[in-house]
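The lines below spell out each chain.
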Amino acid sequence: MSGEGGRAGAELELAARVIEIVRELAGRSAEAEVNVRHDAEALTRFANSTIHQNVASAVTGVRLRLHADGRTAGGSTTVTSADGLRTLVERTLAAVRVSPVDRSWPGLAPPAPLRLSAGHPGSGERSGLAFGFDEATARADPAERAERVGDFVRAAGGLETAGYCRTVYVSAAFANSAGQAVEGRTAEAAMDGIARCEGADGVARLAAARLADLDGAVLGARAAAKARAARGPVELPPGHYEVVLEPDAVRDLLENLAVFGFDGKAHHQQQSFAELGREQFDPSVTIVDEPLGSREEPAADLPFDDEGTPRRSLVLVRDGVTTAVTHDRTSAALAGAEPTGHASPVSRSWGPKATHLRLEAAPVPGAAPGAGGTGVIADSARPLVAGVRRGLLITDLWYTRVLDPKALVITGLTRNGVWLVEDGEVISAVSNVRFTQSYPRALGPGRVLGIGAETVLLPESWGRARYAAPALHLAEWNVTGNASG
C-alpha cells in the first residue's frame, strides 16, 4: 500500500484537509466535494497453461470538484502531501475561473447517514468499514492466486488454458463543504479462464467477495468439459430459435440493460426503452441493483457514490413492471426525481449506470443444487434445457454492440460453446452464430419460459462491475448469421 492508504480514517482525513484548503483559498461560498480513494489491485494472468504475469498496483487518488461563481471544474492528484493538496486546489480554482457557466449544477449532497440495514450494517452511523470486507482477500499474495490458477490448469486435464485471477481492495472517503462526510472499504476477487480442445473453447468465471470462495479446480473442470463438448460443431441456418442462455450470457443482457436502458439521463432524454410504471418485461422478471449486497452476499461496493449520496438497493423492474431508473444529482434534478446513489466520475457526461444488477432467480422443480457445476450444462440451466423442444443452449455472448439504443437492439456473437437441443437433450455442438436482438423484447411478456433456480455472481468483462445472473429459457432469439457468414 502507498502513502496513508489502508489506515482506518486516512482517506477521510485527506478529504477534510482539502475542504479546509478550499475554504481558505476560495472562501466559504464555494461549493466543493472531495473523493479520496485508495485502490489496490493484484492480477495473476496465465496463458498456455502457465502463469506469465503477476502485477500489482496500489495508489491513493484525490479528486476535487469545485463550484464557484456559477462555474464548475474538477481536478485530481495522487500527490497527497500538504503541498500536493494545496496545488490541487489552486489548479482547480484556476480552471473554475475560465470555465463556462454551469446551468445544470445540482448543488451538493446534504449531510446524511449511510443506509444501514441487515444486509449492510456498517460499523457506525457514518461508516461502512466493517461489512463487505474480507481482510484475507485484501491481503492476498501472489502464491494464493497462483494456487487457484494451478488448480484450474490441473483440472483441465491437459487442455491448453488461459485466464486470470485477481483481487481488489478499495478504501475510500467522501467529504463536501455542505458537511457530508462518509467512508467505507471493500474487497473482491474474480477468476476468469478458458480451456481449449481442438479449436473449441470452454469458459468458466466467477466473482466473489472472498478469494476463499473461488475454487480453481471447479472452474477448470467446467471450462474443460465445455471445450471437449464443443468439438465438431455443425452450422445452423439463420432464424428465430428458442434458447437457453447460461448465466455468462445473461450477464451481457444485464450489462447492456444497465448501461443503455436504466440510465436516468438517457431516460430523461427519451433515449431509453424504459417506461416507468409499464409492464415491459415478463411477470417472472425482477431486476434489482444491489450495491450493498443481498442475502448472505457481502457488499459489492462502497456504501456511497461519488457525490456522497448513500447507496441503497434499487428495484428497477418488479414482476415485469419497470419501476425506476438510476440517477446522480444532475440527472435527478433534470427529471424532478431523487438521486439514487449512482454518481461516478463520468456520470454527468455519460449518465449514471447501475453496476450491481441482479436478475432474481425463480425456483425450478427438480433444480440441481449449486449454481456452477462441472458439466457441459450449468446446474442452474439443466432444468431449463429439459423443457426445450428445439433450440440452442448458449454459454456466452461477446462483442455486443448497440444498433438501436431506444429499442436496445443489440448485435453480437456467441462464444465458448453453443449446442443444439432437441426434446430436452443436447444433440450436437453448433458453430458460433451472430445474432441481432432487442434485449427488452427478448425478456418481454410471455417470452420468458423459465428462469434458473440460482444466480451466479459474475465479473464485468473490462471493469469492476458485478452481475448476479441466473440461466434463462427464452421463447425466441434472432440468429442472423453463422460461421460461414
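Here, the structure is the one placed above.
The rules we used
- Residues numbered from 1 in each chain as written.
- Predicted model: local features only at pLDDT ≥ 70, side-chain atom pairs only at ≥ 80, totals over all residues.
- Heavy atoms only, no water.
- Axes fitted to C-alpha atoms, helices over the stretch in contact; angles between N-to-C directions.
- Helix = DSSP H or I, 4+ residues; strand = E, 2+ residues; numbered from the N terminus.
- Parallel < 35°, antiparallel > 145°, perpendicular 65-115°, else oblique.
- Left-handed = near helix turned anticlockwise from the far one by under 90°.
- Contact = heavy atoms within 4.5 Å.
- 1 Å grid on protein atoms, 1.4 Å probe; cavity = no way out; pocket = protein on both sides within 12 Å on 5 of 7 lines; lining within 4 Å.
- Points joined across faces, edges and corners; volume = space filled by probe spheres on them.
- Nonpolar A, V, L, I, M, F, W, Y, C, P; charged D, E, K, R; others polar.
- Phe/Tyr/Trp six-rings, centres within 6.5 Å; stacked < 30°, edge-to-face > 60°.
- Buried < 20%, exposed > 50% of the residue type's maximum accessible area, 1.4 Å probe, protein only.
- Lys NZ or Arg CZ within 6 Å of the ring centre and 35° of its normal.
- Expected span 1.5 Å × (residues − 1).
- Polar contact = N/O pair within 3.5 Å; in protein donor to acceptor, adjacent residues only side chain to side chain.
- Core = buried A, V, L, I, M, F, W, Y, C linked by side-chain atoms within 4.5 Å.
- Salt bridge = Lys/Arg side-chain N within 4 Å of Asp/Glu carboxyl O.
- Pairing = 2+ DSSP bridges.

Novice: Please give an account of the packing of helix 1 (residues 10-26) against helix 2 (residues 82-97) that cites residues and values.
Specialist: The interhelical angle for the contact between helix 1 and helix 2, taken along N-to-C directions, is 50°, at an axis separation of 9 Å. As far as their axial angle goes, helix 2 and helix 1 are oblique. You can see that helix 1 and helix 2 cross each other, and the crossing is right-handed. Contacts between helix 1 and helix 2 involve Leu 14, Arg 17, Val 18, Ile 21, Val 22, Glu 24, Leu 25 and Ala 26 from the first element and Leu 85, Arg 86, Val 89, Glu 90 and Leu 93 from the second.

Novice: Before we move on, could you go through the layout of surface pockets and cite the residues and values that matter?
Specialist: A probe matching the size of a water molecule, rolled over the atoms, marks out where space remains unfilled. The volume enclosed by the largest pocket comes to roughly 1000 Å³. Around the largest pocket, the lining comprises 33 residues; the ones closest to its centre are Asp 192, Arg 415, Glu 460, Ser 461 and Trp 462. In terms of lining residues, the second largest pocket is bounded by 39 residues, among which Arg 37, Asp 301, Arg 311, Ser 344 and Thr 355 are the most central. Looking at the lining of the second largest pocket, the elements with two or more residues in it are strand 1 (31-47), strand 5 (160-176), strand 6 (181-197), helix 6 (247-261) and strand 19 (466-469). For the lining of the second largest pocket, the element with the highest residue contribution is strand 5, accounting for four residues. Its residues assigned to classes, the lining of the second largest pocket shows 18 nonpolar, eight polar and 13 charged.

Novice: Tell me what's going on with the packing of aromatic side chains, and back it up with residues and numbers.
Specialist: For the structure shown, the criterion picks out six aromatic pairs. Each ring, one from Phe 435 and one from Trp 477, has its centre 5.2 Å from the other, and the planes form 45°; the classification is tilted. Pair noted here: Phe 435 is in strand 16 (residues 434-438) and Trp 477 is in strand 20 (residues 472-481), with a separation of 42 residues, a long-range link. There is no split in this pair, since Phe 435 and Trp 477 are both buried. Every member of this aromatic cluster is reached through a ring pair, and the members are Phe 262, Phe 273 and Phe 281. It is Arg 401 that lies over the ring of Tyr 399; its NZ or CZ is 4.3 Å from the centre.

Novice: Give me unusual backbone geometry: which residues, what numbers.
Specialist: Even without being glycine, Asp 69 reaches a positive phi, approximately 55°. According to the relative accessible area criterion, Asp 69 is exposed, its value standing at 76%. The backbone of Leu 408 shows a phi angle near 50°, a positive value even though the residue is not glycine. Among the secondary structure elements, Leu 408 is positioned in the loop between strand 13 (390-404) and strand 14 (409-422).

Novice: Go over the packing of helix 4 (residues 142-155) against helix 5 (residues 216-229), please, and point to the residues and values.
Specialist: Across the interface, helix 4 lies against helix 5 with an axial gap of 7 Å and an inter-helix angle of 35°. For the crossing formed where helix 4 meets helix 5, the hand is right-handed. For the pair helix 4 and helix 5, the contacting residues are Arg 148, Asp 151, Phe 152 and Ala 155 in the first and Gly 216, Ala 217, Leu 219, Gly 220, Ala 221, Ala 223 and Ala 224 in the second. Classifying every residue of the contact of helix 4 with helix 5 by side-chain character gives seven nonpolar, two polar and two charged.

Novice: Could you give me a rundown of helix 5, with the residues and numbers involved?
Specialist: Given a rise of 1.5 Å per residue, 14 residues ought to cover 20 Å, and the 20 Å separating the end C-alpha atoms of helix 5 matches this to within 8%. All buried positions along helix 5 are accounted for by Gly 216, Leu 219, Gly 220, Arg 222, Ala 223, Ala 224, Ala 225, Lys 226 and Ala 227. At its buried positions, helix 5 is contacted by helix 4, strand 6, strand 7 (200-208), strand 13 and strand 14. For helix 5, the N-terminal cap is Asp 215; the gap from its side-chain oxygen to the backbone nitrogen of Ala 217 is 3.0 Å.

Novice: Can you explain the side chain of Asp 201? Please cite residues and give values.
Specialist: Assignment of secondary structure puts Asp 201 in strand 7. A relative accessible area of 18% means that Asp 201 is categorised as buried. Within the local environment of Asp 201, its side chain forms a polar contact with the side chain of Arg 196, the two groups lying 2.6 Å apart.

Novice: Quick one: what's the story with the environment of Ala 56, residue by residue and with numbers?
Specialist: Within the secondary structure, Ala 56 is located in strand 2 (residues 50-68). Under the relative-accessibility criterion, Ala 56 is labelled exposed at 66%. A sequence separation of 16 residues divides Ala 56 from Ala 40, and the C-alpha atoms of the two residues are 7.3 Å apart.

Novice: If you had to explain the environment of Lys 265 to someone new, which residues and values would you point to?
Specialist: Relative to the helices and strands, Lys 265 is located in helix 7 (residues 264-268). Residue class for Lys 265 comes out partly exposed when judged on its relative accessible area of 21%. Distance in space between the C-alpha atoms of Lys 265 and Gly 308 is 19 Å, their sequence separation being 43 residues.

Novice: Describe the nonpolar core, naming the residues involved and giving the relevant values.
Specialist: Judged by nonpolar contacts, the single largest core of 48 residues is most densely connected at Leu 392 and Trp 477. With near-sequence residues (within four places) excluded, Leu 392 lies in contact with Leu 236, Tyr 241, Glu 242, Val 243, Val 244, Val 418, Trp 419, Leu 420, Val 430 and Val 479. Formed by 21 residues, the second largest nonpolar core is a distinct cluster that contains Ala 30, Ala 32, Ala 68 and Val 89.

Novice: Account for the pattern of salt bridges, naming residues and giving values.
Specialist: One pass over the full model with this rule turns up 27 salt bridges. Put simply, Arg 464 and Glu 41 hold a salt bridge, and the shortest N to O gap is 3.0 Å. Of this pair, Arg 464 sits in the loop between strand 18 (456-459) and strand 19 while Glu 41 is found in strand 1, placing the two residues 423 residues apart along the sequence. The partly exposed category is assigned to Glu 41, whose relative accessible area is 26%. Between Glu 188 and Arg 166 there is a salt bridge, with the nearest N and O atoms lying 3.2 Å from each other. You can see Glu 188 sitting in strand 6 and its partner Arg 166 sitting in strand 5, a full 22 residues away along the chain.

Novice: If you had to explain helix 4 to someone new, which residues and values would you point to?
Specialist: Between its first and last C-alpha atoms helix 4 spans 20 Å; for 14 residues at 1.5 Å apiece the expected length is 20 Å, and the two agree. Looking at the buried side of helix 4, the elements it contacts are strand 1, strand 2, strand 5, strand 6 and helix 5. With a side-chain oxygen lying 3.1 Å from the backbone nitrogen of Ala 143, the N-terminal cap of helix 4 falls on Asp 141.

Novice: How would you summarise the pairing of strand 2 if you had to cite specific residues and measurements?
Specialist: Moving residue by residue along a regular strand, the side chains alternate between the two faces of the sheet. Bridge count between strand 1 and strand 2: 17 bridges; the pairing is antiparallel. The partner of Arg 37 across the bridge, within strand 2, is Gly 61. The turn joining strand 1 and strand 2, which pair antiparallel and follow one another in sequence, is formed by two residues; a positive phi near 50° is taken by Asn 48. Judged from the seven bridges that link them, strand 2 and strand 3 (residues 71-77) form a sheet pairing that is antiparallel. Counterpart to His 67 in the pairing with strand 3 is Thr 72. The hairpin turn running from strand 2 into strand 3, its antiparallel successor, is two residues long, and Asp 69 in that turn takes a positive phi close to 55°.

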